[in-house]
Amino acid sequence: MKTEKEQNFEREIPAGYRQALYINAKNAKFGIIFNLIAVLVLVAVMALALLSLTARDISFAPSDVDSSDRLIAYFVFLILLIAYVILHELVHGIAYKSQTGEKLTFGMSWSCAFCGVPNIYTYRKTALIAVVAPFAVFTLLFIPILIYFYFFNSFYYVLIAFIFGMHLGGCSGDLYVLYLLTARFKDEKTLMRDTGPEQFFYVPEDESALSSDDK
């Protein structure tokens, strides 16, 4: 009999399933498109951040901050950028680990950092939790921090806005998988194998269990 966690995944593809989709972040076209989206999102967030300061007649002037404080701020900023990338993948890992208890894999390619559970096939609910976790956690974390610095320190506000923009842009791949799981693969029996940079989607052969896109 399966344990509670084992009910969230399969170790082998069950009979009667077929592969419905395969995506690979290491693919040149895929990687370029989603990194371009990430850059565009970052630019949009920074533009909105600067416009929001203009609306309050506040200009972003780093020179208004003491030089020693600026150096410390830039150093902390760089540390936070690196820490965010690591923490983003750790949150994926925590979500997968809490749901499956299985071995994780972490890594980085030219197009993305990644976390996966390559040796199992997770059911849709588990995949959804793991995919959306970093977006939900860090969005909820950054928004109150942004609001605070918006009113009290424009210099730090812009620096945090940059990290927030990087966060939103960096989630573009996750949000694409979220879209697939909510709009295309609606059947709870859907299985996903996540190696990190690759996602394989499997659906039951039964036509009534397929998404509308597959019919």
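Residues numbered from 1 in each chain as written. Predicted model: local features only at pLDDT ≥ 70, side-chain atom pairs only at ≥ 80, totals over all residues. Heavy atoms only, no water.

Viewed as axis vectors pointing N to C, helix H2 (residues 67-100) and helix H4 (residues 154-170) meet at an angle of 15°, and their least axial separation amounts to 11 Å. Judged by the angle between their axes, H2 and H4 are roughly parallel. Crossing handedness for the pair H2 and H4: right-handed. Side by side, H2 and H4 meet where Asp69, Arg70, Ala73, Tyr74, Phe77, Leu80, Leu81, Tyr84 and Val85 of the first sit next to Phe155, Tyr156, Leu159, Phe162, Ile163, Met166 and His167 of the second. (Axes fitted to C-alpha atoms, helices over the stretch in contact; angles between N-to-C directions. Helix = DSSP H or I, 4+ residues; strand = E, 2+ residues; numbered from the N terminus. Parallel < 35°, antiparallel > 145°, perpendicular 65-115°, else oblique. Left-handed = near helix turned anticlockwise from the far one by under 90°. Contact = heavy atoms within 4.5 Å.)

Another aspect to go through is helix H5 (residues 172-184). When the terminal C-alpha atoms of H5 are compared, their 17 Å separation across 13 residues agrees well with the 18 Å that a helix rising 1.5 Å per residue should span. Taken together, the buried positions of H5 are Ser172, Asp174, Val177, Leu180, Leu181 and Arg184. (Expected span 1.5 Å × (residues − 1). Buried < 20%, exposed > 50% of the residue type's maximum accessible area, 1.4 Å probe, protein only.)

Right, let's get into a nonpolar patch on the surface. Side chains of Ile82, Ile86, Leu87, Leu90, Ile94 and Phe106 sit close together on the surface and give an oily, nonpolar patch of about 570 Å² of accessible area. For the nonpolar patch, the element with the most residues is H2, which contributes 5 residues. Note on placement: Leu87 falls in helix H2. In this structure Leu87 comes out as partly exposed when scored by relative accessible area, which is 39%. (Patch = residues over 30% accessible without salt bridge, like charges linked within 9 Å, V, L, I, M, F, W, Y side chains within 5 Å. Areas by Shrake-Rupley, 256 points an atom, 1.4 Å probe, with all protein chains shown as cover. Salt bridge = Lys/Arg side-chain N within 4 Å of Asp/Glu carboxyl O.)

Right, let's talk about the pairing of strand E3 (residues 105-108) for a bit. Looking down a regular strand, the side chains alternate between one sheet face and the other. The pairing of E3 with strand E4 (residues 113-123) spans 4 bridges and is classified as antiparallel. Within E4, the position partnered with Met108 by the bridge is Ala113. Linking E3 back to E4 in an antiparallel pair, the connection comprises 4 residues. (Pairing = 2+ DSSP bridges.)

Time to look at the packing of H2 against helix H3 (residues 124-152). Relative to each other, H2 and H3 sit at 140°, their axes nearing to 9 Å. As the angle between them shows, H2 and H3 are arranged oblique. Viewed along their axes, H2 and H3 form a crossing whose handedness is right-handed. Along its contact with H2, which presents Tyr84, Leu87, His88, Val91, His92, Ala95, Tyr96, Gln99 and Thr100, the element H3 presents Thr126, Ile129, Ala130, Val131, Ala133, Pro134, Val137, Phe138 and Phe142. For the contact of H2 with H3, a count of residues per class yields 13 nonpolar, 5 polar and no charged. (Nonpolar A, V, L, I, M, F, W, Y, C, P; charged D, E, K, R; others polar.)

Relative to the elements of secondary structure, Ile129 occurs in helix H3. Classification of Ile129 as partly exposed rests on a relative accessible area of 32%. Considering only alpha carbons, one finds Ile129 and Leu178, 49 residues apart in sequence, at a separation of 9.4 Å. Ignoring any residue separated from it by four or fewer positions in sequence, one finds Ile129 in contact with Ala95 and Gln99.

Let us now look at H4. An ideal rise of 1.5 Å per residue puts 24 Å on 17 residues; H4 measures up with 24 Å between its terminal C-alpha atoms. For H4, a buried count of 12 out of 17 residues is recorded, marking the element as mostly surrounded by other parts of the structure. For H4, the full list of buried residues reads Ser154, Phe155, Tyr157, Val158, Leu159, Ile160, Ala161, Ile163, Phe164, Gly165, His167 and Gly169. Residues of H4 that are buried in the fold lie against helix H1 (28-55), H2, H3 and H5. With a side-chain oxygen positioned 3.1 Å from the backbone nitrogen of Phe155, the residue opening H4 is Asn153. (Polar contact = N/O pair within 3.5 Å; in protein donor to acceptor, adjacent residues only side chain to side chain.)

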